[in-house]
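So you can see what is in the structure, the chains are spelled out below.
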Amino acid sequence: MNFTNLFRIALRALGNNKMRGFLTMLGIIIGVASVITMLAIGQGSKRSIRAQIAEMGSNMIMIHPGADMRGGVRLDAADMQSLKLEDYYSIVNEAGYVSACSPSVSSGGQTIYGANNYPTTMYGVNPDYLEIRKYSVAEGEMFSEQDILSSAKVCVIGKTIVDNLFTNGEEPVVKIIRFGKIPFRIIGVLASKGYNTMGMDQDDLMLAPYTTIQKRVLAITHLQSIFCSALTEEKTEDAEAEISSILRRNHKLKDVDDDDFNIRSQQELSTMMNSTTDMMTMLLACIAGISLLVGGIGIMNIMYVSVTERTREIGLRMSIGAKGRDILAQFLIEAIMISVTGGIIGVILGMGASWMVKMMAGWPVYVQLYSVILSFVVCTVTGIFFGWYPAQKASNLDPIEAIRYE
């Protein structure tokens, strides 16, 4: 018997029991739709996290003083003064994998304008800091190298500072504000970046020449940290190794000595966040995949019922020449048709559900082609796997006994 006839017989058998066929498909439909939706939510979250990390500077490298042991007492890293301007100059001049570098010193304090005040942090940096942290100036301009050399009392502020100090809608550029007791002239306003993945307000900051903060605010000569940017995200590890070598040489550390500095990169954060979202995505997909298993068991159950109901039909067909493989193919085609049809409906519902989640809940979702193909392949395999045994049972029936079956 050819495949076309087997297909027609299977289609007719399913048509005679439409409701039962639909209810059998329901498990597959729900399973496929759930898997696609869960993977879309997981992938959307992953892409959203990557985008936010990229906004913070995906190839950013942060260098901080390391804790040290003195007299048996471990000092806090904040008390260390191991980073000097010479380290910054060495990195700028010698590091081939570094595209931008900025010293960094900071101080928390109260900013005041007229009757308004707001607590914030002022960072002493150089113009490269904007490139490293992916900031841009929306109004005015960034301070210059000449401002750094002269330790000028100028600053660039974030939108949060503007909103809290200039409540009457005044133009902030060229206004004089005080940080503590020191006056600073605003020369620029940063473009808003909003909150990052850790819930930190990226607009709550003030930037000033690092020499100004060193001399006029903190009265120090060392650096609290150094920010660098690797040539590309892929070159981050090479840049870290290069920076470590330069700093160990500058600090005259022996091979057996521990580093007196710490180097961290956004790549570490990105890897950690990606592994977490991947694990959560797989967990969600596995939970949704249970629906596919239940749907497969439903197919097996219905196929068993179908074999039992049609035992005499099977006997009659075998008595007029149908072979066991024909009976096997007929019931297997029925199982595959149920699972494939359910899979197609499930794919449509899954993509629709993903769109609904994005529109109504506002969650980031991203349907990948592989998730659709994977779900469709799995449901097809499910139909073959769970339909095989009932079909095999039908093909092994004795024609005489089948005809006698009541």
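Residues numbered from 1 in each chain as written. Predicted model: local features only at pLDDT ≥ 70, side-chain atom pairs only at ≥ 80, totals over all residues. Heavy atoms only, no water.

Colleague: Please explain the overall build of the protein as it appears in this structure.
Modeller: Counting its regular elements, the protein contains 13 helices and 12 strands. Within the protein, the proportion of its 406 residues that are buried is 46%. Put simply, the protein shows about 20,500 Å² of open surface, and 59% of that area lies on carbon and sulfur atoms. (Helix = DSSP H or I, 4+ residues; strand = E, 2+ residues; numbered from the N terminus. Buried < 20%, exposed > 50% of the residue type's maximum accessible area, 1.4 Å probe, protein only. Areas by Shrake-Rupley, 256 points an atom, 1.4 Å probe, with all protein chains shown as cover.)

Colleague: So what exactly am I meant to see when it comes to the packing of aromatic side chains here?
Modeller: The way to describe two aromatic rings as a pair is by their centre distance and the angle between their planes. As enumerated under the stated definition, the model contains 4 aromatic pairs in all. Where Tyr 88 meets Tyr 89, the ring centres are 5.2 Å apart and the plane angle is 50 degrees; that geometry is what we call tilted. Ring centres 5.5 Å apart and planes at 90 degrees place the aromatic pair Tyr 129 and Phe 227 in the edge-to-face group. Pair noted here: Tyr 129 is in helix α4 (residues 128-133) and Phe 227 is in strand β11 (residues 225-230), with a separation of 98 residues, a long-range link. In this structure, Tyr 129 and Phe 227 share a single accessibility class: buried. Ring pairing ties together the aromatic residues Tyr 88, Tyr 89 and Tyr 210, which thus form one cluster. The ring of Tyr 135 has Lys 193 sitting right over it, with the charged end atom 4.4 Å from the ring centre. (Phe/Tyr/Trp six-rings, centres within 6.5 Å; stacked < 30°, edge-to-face > 60°. Lys NZ or Arg CZ within 6 Å of the ring centre and 35° of its normal.)

Colleague: How should a nonpolar patch on the surface be read in this particular structure?
Modeller: A cluster of nonpolar side chains, namely Met 19, Phe 22, Leu 23, Leu 26 and Ile 30, defines an oily patch on the protein surface of about 480 Å² accessible area. If you trace the backbone, Phe 22 turns up in helix α2 (residues 18-57). Owing to a relative accessible area of 41%, Phe 22 belongs among the partly exposed residues under this scheme. (Patch = residues over 30% accessible without salt bridge, like charges linked within 9 Å, V, L, I, M, F, W, Y side chains within 5 Å. Salt bridge = Lys/Arg side-chain N within 4 Å of Asp/Glu carboxyl O.)

Colleague: Hey, could you run me through the packing of helix α3 (residues 85-94) against helix α8 (residues 236-250) in this one?
Modeller: Packed helix pairs are specified by the crossing angle of their axes together with the interaxial distance, meaning the distance between the axes. Where α3 meets α8, the closest approach of the two axes is 10 Å, and the angle between their N-to-C directions is 135 degrees. If you check the angle between α3 and α8, you find them oblique. Crossing of α3 over α8 shows right-handed handedness. The residues of α8 that touch α3, namely those facing Glu 86, Asp 87, Ser 90, Ile 91 and Glu 94, are Glu 242, Ile 243, Ile 246, Leu 247, Arg 249 and Asn 250. (Axes fitted to C-alpha atoms, helices over the stretch in contact; angles between N-to-C directions. Parallel < 35°, antiparallel > 145°, perpendicular 65-115°, else oblique. Left-handed = near helix turned anticlockwise from the far one by under 90°. Contact = heavy atoms within 4.5 Å.)

Colleague: Hey, could you run me through the environment of Ser 354 in this one?
Modeller: For Ser 354, the location among the structural elements is in helix α11 (residues 324-361). Taking the C-alpha atoms as reference points, Ser 354 and Met 38, separated by 316 residues in sequence, lie 8.3 Å from one another. For Ser 354, the residues in contact, after removing those within four places along its chain, are Ile 36, Thr 37, Ala 40, Val 365 and Val 367. A polar contact of 2.9 Å, which involves the side chain of Ser 354, links it to the backbone oxygen of Gly 350. (Polar contact = N/O pair within 3.5 Å; in protein donor to acceptor, adjacent residues only side chain to side chain.)

Colleague: I would appreciate a short explanation of the layout of surface pockets in the present structure.
Modeller: A probe matching the size of a water molecule, rolled over the atoms, marks out where space remains unfilled. What the second largest pocket holds in volume is close to 240 Å³. Only α2, α9 (266-309) and α12 (369-395) provide two or more residues apiece to the lining of the second largest pocket. Broken down by class, the residue content of the lining of the second largest pocket amounts to 11 nonpolar, 3 polar and no charged. (1 Å grid on protein atoms, 1.4 Å probe; cavity = no way out; pocket = protein on both sides within 12 Å on 5 of 7 lines; lining within 4 Å. Points joined across faces, edges and corners; volume = space filled by probe spheres on them. Nonpolar A, V, L, I, M, F, W, Y, C, P; charged D, E, K, R; others polar.)

Colleague: Can you help me understand helix α7 (residues 210-218) in this one?
Modeller: Residues lying three or four places apart along an α-helix face the same way, a consequence of the helix completing one turn every 3.6 residues. For α7, every residue scored as buried is listed here: Tyr 210, Thr 211, Thr 212, Ile 213 and Gln 214. The secondary structure elements touched by the buried residues of α7 are α3, β4 (98-113), β5 (116-125), α5 (145-149), β9 (182-190) and β10 (206-209). Positive backbone phi, at 55 degrees, marks Ala 219, one or two positions downstream of α7.

Colleague: I'm lost on the nonpolar core in this one. Help?
Modeller: Side chains that are nonpolar tend, in soluble globular proteins, to be buried together. In this structure, Ile 63, Ile 91, Ile 157 and Leu 207 are the most contacted members of the largest nonpolar core, which totals 60 residues. At 6 residues, β9 tops the list of elements feeding residues into this core. Among residues more than four places away in sequence, those in contact with Ile 91 are Ile 63, Val 98, Cys 101, Ile 226, Cys 228, Ile 243, Ile 246 and Leu 247. Ranked by size, the runner-up nonpolar core spans 20 residues in total, among them Ala 285, Leu 292, Met 303 and Cys 379. (Core = buried A, V, L, I, M, F, W, Y, C linked by side-chain atoms within 4.5 Å.)

Colleague: In this structure, what is going on with the side chain of Thr 212? I would like to understand it.
Modeller: Of note, Thr 212 is situated in helix α7. With relative accessibility at 0%, the residue Thr 212 sits in the buried group. At 3.3 Å, the side chain of Thr 212 and the backbone oxygen of Ser 151 are in polar contact.

Colleague: Before we go on, may I ask you to explain the side chain of Asn 126 in this structure?
Modeller: Tracing the backbone through its elements, the reader meets Asn 126 in the loop between β5 and α4. The exposure class of Asn 126 is buried, given its relative accessible area of 2%. At 3.1 Å, the side chain of Asn 126 forms a polar contact with the side chain of Ser 102. Among the polar contacts made by the side chain of Asn 126, one reaches the main-chain amide nitrogen of Asp 128 at a distance of 3.0 Å. Once residues lying within four places of it in the same chain are set aside, the contact partners of Asn 126 are Tyr 88, Cys 101, Ser 102, Pro 103, Met 142, Phe 143, Ile 148 and Tyr 210.

Colleague: It is not clear to me how unusual backbone geometry should be interpreted in this structure. Could you clarify?
Modeller: Across the chain, the bulk of peptide bonds are trans and the bulk of non-glycine residues have phi less than zero. For Ser 151, which is not glycine, the phi torsion reads 50 degrees and is therefore positive. Mapped onto the fold, Ser 151 is located in the loop between α5 and β7 (154-157). Even without a glycine there, the phi angle at Ala 219 is positive, about 55 degrees. Assignment of secondary structure puts Ala 219 in the loop between α7 and β11.

Colleague: Hey, could you run me through the pairing of β11 in this one?
Modeller: Every other side chain in a regular strand lies on the same face of the sheet, so the side chains alternate between the two faces. With respect to burial, β11 is a largely interior element, 6 of its 6 residues being buried. Of the two faces of β11, the one lined by Ser 225, Phe 227 and Ser 229 and the one lined by Ile 226, Cys 228 and Ala 230 are each fully buried. As paired elements, strand β1 (residues 60-65) and β11 share 4 bridges and run antiparallel to each other. The residue of β11 that forms the bridge with Ile 61 is Cys 228. The pairing of β4 with β11 spans 6 bridges and is antiparallel. Among the inter-strand pairings, Ser 104 is bridged to a residue of β11, identified as Ser 225. (Pairing = 2+ DSSP bridges.)

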